[in-house]
Amino acid sequence: MDLHTVTEVISPAQPGQWRPGDAWMGGGTALLGEPRPHVTRLLDLAAAGWPPLTVRDDGVEIAATCTIAELADRLGRHGIVLQCCHAFLASFKIWNVATVGGNLCAALPAGPMISLSVALDGTCVLVGPDGGERRVPAADFVTGAGSTVLRDGEFLRAIHLPSGPLGARTAYRRGSLHRHGRSAVLLIGRADPDGAVSLTVTAATRRPYVFRFPSPPSAAEVEAALDTIPDADYVDDVHGRPVWRRHLTRHHARSIRAELVS
């Protein structure tokens, strides 16, 4: 998609350069995927040269500009990471350009990097116009289809994944209308060493839902948790109707529970 209203590209971009009409750009696959007549300048974050991944004692920091290919190469040994990367069902060209941060900021319900970050208790590091940082749980970053907590002039700098969830046992389920279709339902379950279990629901809903259980839940407890998702929050588009997404969510949730509590 050509953005005919763009008159300037700032590269590399820095905090404080943003002004109304600007858009922060990572790989650009989402930004250039549809008309954006309000955008007049692009602020290039990829040119900042941030290390894609930084391993620390308390976990891994993934730069917002880390590509899907880099993530799969560096963290693919964690099965859930590779599974979420493959959920893109994208060509190698997209894998080598699309970024983790861009997928979160696009805030599409089917965004698999949203699913991954939320399921592993990630924290989003946001940088404001003055260079100051604030941290937001990944579970709270996406507020709806296409909307996030980002304020004017803020950009996503990194996602921190703590070491504990990265090493936990996980179960992954994904559904779509056809084999190479966009995710209509994507659920991830996680069983921690202390016995706690979490279930993350994405793709089927306009924003992520995370359900946490202090011990392995019964089937009734999982059903009761899913009952708290409002019917209006199930996505309705060409990739699946709400009633089908709701049914498939429950089907996969039962399967995940059975796998993790066995």
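Scope of this entry: the structure provided in the associated data block. (Residues numbered from 1 in each chain as written. Predicted model: local features only at pLDDT ≥ 70, side-chain atom pairs only at ≥ 80, totals over all residues. Heavy atoms only, no water.)

**A few points about the nonpolar core**
Part 1 of the argument: With 49 residues, the main nonpolar core has I62, L71, V100, L104 and M113 as its most contacted residues.
Part 2 of the argument: Among residues more than four places away in sequence, those in contact with I62 are P52, L53, L71, L75, V100, A158, I159 and L161.
Part 3 of the argument: In terms of nonpolar packing, the next biggest core, distinct from the first, is built from 20 residues, V185, A191, F213 and A253 among them. (Core = buried A, V, L, I, M, F, W, Y, C linked by side-chain atoms within 4.5 Å. Buried < 20%, exposed > 50% of the residue type's maximum accessible area, 1.4 Å probe, protein only. Contact = heavy atoms within 4.5 Å.)

**A word on unusual backbone geometry**
Among all residues save glycine, negative phi is the norm, and among peptide bonds the norm is trans.
Part 1 of the argument: Here the amide bond leading from S11 into P12 is cis, since omega sits at -10°, within 30 degrees of zero.
Part 2 of the argument: Following the sequence through the fold, P12 ends up in the loop between strand 1 (8-10) and strand 2 (22-25).
Part 3 of the argument: At A107, a position not held by glycine, the phi torsion is positive, near 60°.
Part 4 of the argument: Classification of A107 by relative accessible area gives buried; the value is 0%. (Helix = DSSP H or I, 4+ residues; strand = E, 2+ residues; numbered from the N terminus.)

**Digging into the sheet that holds strand 3 (residues 41-44)**
Part 1 of the argument: One open sheet accounts for three strands, arranged 1-3-2; its pairing is parallel. The open sheet has two edge strands, strand 1 and strand 2, and neither has a second partner. Each adjacent strand pair in this sheet contributes to an overall mean axis angle of 25°, direction not counted.
Part 2 of the argument: Inspection of the sheet shows strand 1 paired to strand 3 by three bridges, in the parallel sense. Of the residues in strand 3, the one forming a bridge with E8 is R41. (Pairing = 2+ DSSP bridges. Axes fitted to C-alpha atoms, helices over the stretch in contact; angles between N-to-C directions.)

**Overview of the environment of I256**
Part 1 of the argument: With respect to the helices and strands, I256 occurs in helix 9 (residues 242-261).
Part 2 of the argument: Classification of I256 by relative accessible area gives buried; the value is 2%.
Part 3 of the argument: Between the alpha carbons of I256 and A196 there is a distance of 14 Å; along the sequence they are 60 residues apart.
Part 4 of the argument: Apart from the residues within four sequence positions on either side, I256 is in contact with A171, R173, L187, I188, G189 and L199.

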